[in-house]
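# Understanding the architecture of this molecule
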Amino acid sequence: MENKFKANREFTSRPLWPDWREQLKESEINGLFQQLEEMDREKLVDWLQWYNPKGNYTDRKCMHNGVKPLCKAKAVEYTYKAILRNHTKKQVNHVSHGAIQLMFNN
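Okay, so let's go over this structure. Since this is a predicted model, take the numbers as computed values, not measurements.

In this section: the overall build of the protein chain. Scanning the protein chain for helices and strands turns up 6 helices and 0 strands. By residue count, 22% of the 106 residues in the protein chain fall in the buried class. For the protein chain, the share of sequence-separated contacts (at least 6 apart) that also reach a separation of at least 24 residues comes to 62%. With the model as given, the accessible surface of the protein chain reaches about 8600 Å², and the carbon-plus-sulfur share is 56%.

Using the criterion set out here, one finds 7 salt bridges in the structure. Between Glu-77 and Lys-74 there is a salt bridge whose closest N-O contact spans 3.6 Å. With Glu-77 and Lys-74 both in helix α6 (residues 72-105), this residue pair falls 3 residues apart, about one helical turn. The shortest N-O distance in the salt bridge between Glu-77 and Lys-81 comes to 3.0 Å. Here Lys-81 and Glu-77 lie together in helix α6, a separation of 4 residues that amounts to about one turn. A relative accessible area of 27% places Glu-77 in the partly exposed class. Linked through salt bridges whose partners overlap, the residues forming this network are Arg-41, Glu-42 and Asp-59.

Reading the values: rules and limits
- Residues numbered from 1 in each chain as written.
- Predicted model: local features only at pLDDT ≥ 70, side-chain atom pairs only at ≥ 80, totals over all residues.
- Heavy atoms only, no water.
- Helix = DSSP H or I, 4+ residues; strand = E, 2+ residues; numbered from the N terminus.
- Buried < 20%, exposed > 50% of the residue type's maximum accessible area, 1.4 Å probe, protein only.
- Contact = heavy atoms within 4.5 Å.
- Areas by Shrake-Rupley, 256 points an atom, 1.4 Å probe, with all protein chains shown as cover.
- Salt bridge = Lys/Arg side-chain N within 4 Å of Asp/Glu carboxyl O.

Now the structure itself:
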């Protein structure tokens, strides 16, 4: 017997449109640095805190831990590196899964 409640819950738990943070994480590398430089510092800090909740990115966390607040240049740098790292992980996973698939196809 199929659990209809579970199926409905899965459907409703997905957002109707992608979050801007997800879109930024999945954005193309070409022109990304310029796009990040045009963004507000607060928005970059918000993205960094969303991407890595344990990090010291918000002004409040920085003050609590005795660290200088994140300037815009560092926020752009950290965001760019995080997105680049995300793309690199996806490429490595894609290549590694492809090799396994080829091995089993023989």
